[in-house]
Every structure is written in C-alpha cells, then in structure tokens.
Amino acid sequence: MGPRAKPGEEDYDVVDAMKMPVTVIPGAAFFNQAEAHMMTRGGHLDVAVLGAFQVSEKGDIANWKVPGAKGSGGIGGAMDIAVGARRLIVCMEHNAKDGAPKVVKECSYPVTAIECVKTIITDLAVIDVTPAGLVLREVAPGFTAAEVQQFTEPRFIVSERAQEMKLARREA
C-alpha cells in the first residue's frame, strides 16, 4: 500500500491496520479475510514485520495492550502473524516516551506470542534474537555499542561484524 489518502480522496474500502484510508501503489494485491487467515495460520508467511511495545531477550512480543489502558486492547491478527510467520521482525523505537527500555529481560505488558521474534530493528540498533542471547548487529550513526547497551535492559553480545546502520538519504 502507499501513503495515507489525501482529504477528499479517501476510499474506506482501502484502509491500513488503524482503519485509516491509504492509497494503492503498483504491485499491490488484495485478498479477503478468509484468505488472510489461511495465509497467517497456514504457515504461508515467510517474513512478517510488526510493531511492539516490548520484546524480551527470548523473543517474546507484547504489542496489543498497554497495562492500565482503557478498553480491551487491539489483539487483531497479531497473534496469528507472530506465530504463523517463519521469520518475525519487530520495528519499534528503542525506548518508550518515558525513557524505559522496550527491549527487556521479560515483558511486563501482556504477551502476544512467546519466543517468536528473530530480529529487532529500532532507531538505535539492529539486534538478532538467538539461542545464545541477543546479538547486536548494527548501531545507529553517532552511537556506540556501549551507548546502545545503556538503553537496553538485557545484556547483548556485540557481533564481531557489528557495523553502523546504513540509512537511506531522502531526496530533497
């Protein structure tokens, strides 16, 4: 899908996960809910990318409810995606608004799925979840592995091949 639809160009049959109207780019494909469930529950997803509130050092993901928040949360299809994808990548900010780490020893938020995250990509680092523990693969420009560790609750292993993230430059 493309960016959010401009006012007056909304098509409420084409929405993102937050029910916001979006645009369609070339190559997009549509399918119904039954097919979506068959893909997620049938093991047909090679890779999935989800956001999260927390990820544990074992690869547990918490992404559907903030403790104490009103309402029942928004579990949606996240459980199915988390356990159905062969490889789960989480993209999130490294720390919460209050500075608390989001890469944690154990999730304190309600867990969506256990031991399913393979890679965590944040604004500070790329971290792989392995049987030996968390492995720091890349750090953001201007940061060191030691600085990233200060913002991360569990200890991580620094890969021998750890490098600086390569960020795309925006054309003006």
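The rules we used
Per chain, residues are indexed from 1 in the order of the written sequence. At least 70 in pLDDT is required for a residue's local features to be given in this predicted model, at least 80 for side-chain atom pairs to be given and counted, and no such filter applies to totals for whole chains, interfaces and linings, which use all residues. Computation of side-chain values: all heavy atoms of the structure, hydrogens and water removed. Each helix is a run of H or I in the DSSP string that is no shorter than four residues. Each strand is a run of E no shorter than two, and both are numbered from the N terminus. Within this scheme the basic residues Lys and Arg register as positive and the acidic residues Asp and Glu register as negative, but His and the chain ends are omitted. Working definition for charges: the position is that of NZ of Lys, CZ of Arg, CG of Asp or CD of Glu. Any pair of Phe, Tyr and Trp rings, taking the six-membered ring for Trp, is counted once the centres come within 6.5 Å. Such a pair is stacked with planes under 30 degrees apart, edge-to-face with planes over 60 apart, and tilted for the rest. Should DSSP find at least two bridges between two strands, the strands are taken to pair. Throughout this description, a polar contact denotes any pair of N or O atoms lying within 3.5 Å of each other; where both atoms belong to protein, one of them has to be capable of donating a hydrogen while the other can accept it, and for residues adjacent in sequence the pair is counted only when both atoms sit in side chains. A 1.4 Å probe rolled over the protein chains alone gives each residue an accessible area, and that area as a share of the maximum for its type sets the label: buried under 20%, exposed over 50%, partly exposed in between. Contact definition: two residues touch when any of their heavy atoms are within 4.5 Å. Each nonpolar core is a collection of buried residues, namely Ala, Val, Leu, Ile, Met, Phe, Trp, Tyr and Cys, held together in the definition by side-chain atoms within 4.5 Å. For this document, the term salt bridge refers to a Lys or Arg side-chain nitrogen within 4 Å of an Asp or Glu carboxyl oxygen.

Caption draft 1: Structural detail: the overall build of the protein chain. Each helix and strand counted, the protein chain has 3 helices and 9 strands in total. Taking the 19 positively charged and 22 negatively charged side chains of the protein chain as two groups, their mean positions are separated by 2 Å.

Caption draft 2: Just the packing of aromatic side chains, in detail. All chains considered together, the criterion is met by 1 aromatic pair. Seen in terms of ring centroids, Phe53 and Tyr109 are 5.7 Å apart; in terms of plane orientation they differ by 50°. Their pairing is tilted. Of this pair, Phe53 sits in the loop between strand S1 (45-50) and strand S2 (54-56) while Tyr109 sits in the loop between strand S5 (103-104) and strand S6 (117-121), and the two are 56 residues apart along the sequence.

Caption draft 3: Broad picture of the sheet that holds S5. Here we have 3 strands laid out as an open sheet, ordered S3-S2-S5, and mixed in their pairing. Strands with a single pairing partner mark the edges of an open sheet, and in this sheet they are strand S3 (61-62) and S5. Of the strand pairs in this sheet, S2 and S3 are connected by 2 bridges, and their pairing is antiparallel. Bridge pairing in S3 places Gln54 opposite Ala62.

Caption draft 4: Looking closely at the side chain of Ser159. In this structure, Ser159 sits in strand S9 (residues 157-164). Polar contacts involving the side chain of Ser159 include one to the main-chain amide nitrogen of Arg161, which spans 3.0 Å.

Caption draft 5: Here's a closer look at the environment of Ala125. Structurally, the position occupied by Ala125 is in strand S7 (residues 125-130). Look at Ala125 and you get buried, because its relative accessible area is 0%. The spacing of Ala125 and Phe143 is 18 residues in sequence and 9.0 Å in space, taken between C-alpha atoms. Ignoring sequence-local partners within four residues, the contact set of Ala125 consists of His94, Ile120, Leu136, Glu138, Val139, Val148 and Met165.

Caption draft 6: Fine view of the nonpolar core. Within the largest apolar cluster, 25 residues are counted, with the highest numbers of intra-cluster contacts made by Ile61, Leu88, Val117 and Ile120. At the level of secondary structure, the elements contributing two or more residues to this core comprise S1, strand S4 (85-91), S6, S7 and strand S8 (133-139). Excluding anything up to four places from it in sequence, Ile61 contacts Leu50, Gly51, Ala52, Gln54, Ala82, Leu88, Val90, Val111, Thr112, Ala113, Cys116 and Val117.

Caption draft 7: Quick look at unusual backbone geometry. At Glu115, a residue that is not glycine, the phi angle is positive and equals roughly 45°. Within the secondary structure, Glu115 is located in the loop between S5 and S6.

Caption draft 8: Representation of the pattern of salt bridges within the structure. Per the stated rule, a full pass over the model turns up 4 salt bridges. The shortest N-O distance in the salt bridge between Arg4 and Asp16 comes to 3.3 Å. One end of the pair, Arg4, is in the segment before helix H1 (33-41); the other, Asp16, is in the segment before H1, and 12 residues separate them in sequence. Close ionic contact of Asp46 with Arg86 constitutes a salt bridge, the shortest N to O distance being 2.5 Å. Of this pair, Asp46 sits in strand S1 while Arg86 is found in strand S4, placing the two residues 40 residues apart along the sequence. Here Arg86 falls in the exposed class, since its relative accessible area comes to 53%.

Caption draft 9: Local environment of H1. A distance of 3.0 Å separates the backbone nitrogen of Ala34 from a side-chain oxygen at the start of H1, and that oxygen is part of Asn32. Trailing H1 by a residue or two, Gly43 shows a phi angle of about 75°, which is positive.

Caption draft 10: Seen up close, the side chain of Gln54. Its location among the elements puts Gln54 in strand S2. Looking at Gln54, its side chain comes within polar contact range of the main-chain nitrogen of Ser108, at 2.8 Å. In terms of polar contacts, Gln54 uses its side chain to reach the backbone amide nitrogen of Tyr109, at 3.0 Å. Look past the residues within four positions of Gln54 in its chain and what remains in contact with it is Asp60, Ile61, Ala62, Lys102, Val104, Cys107, Ser108 and Tyr109.

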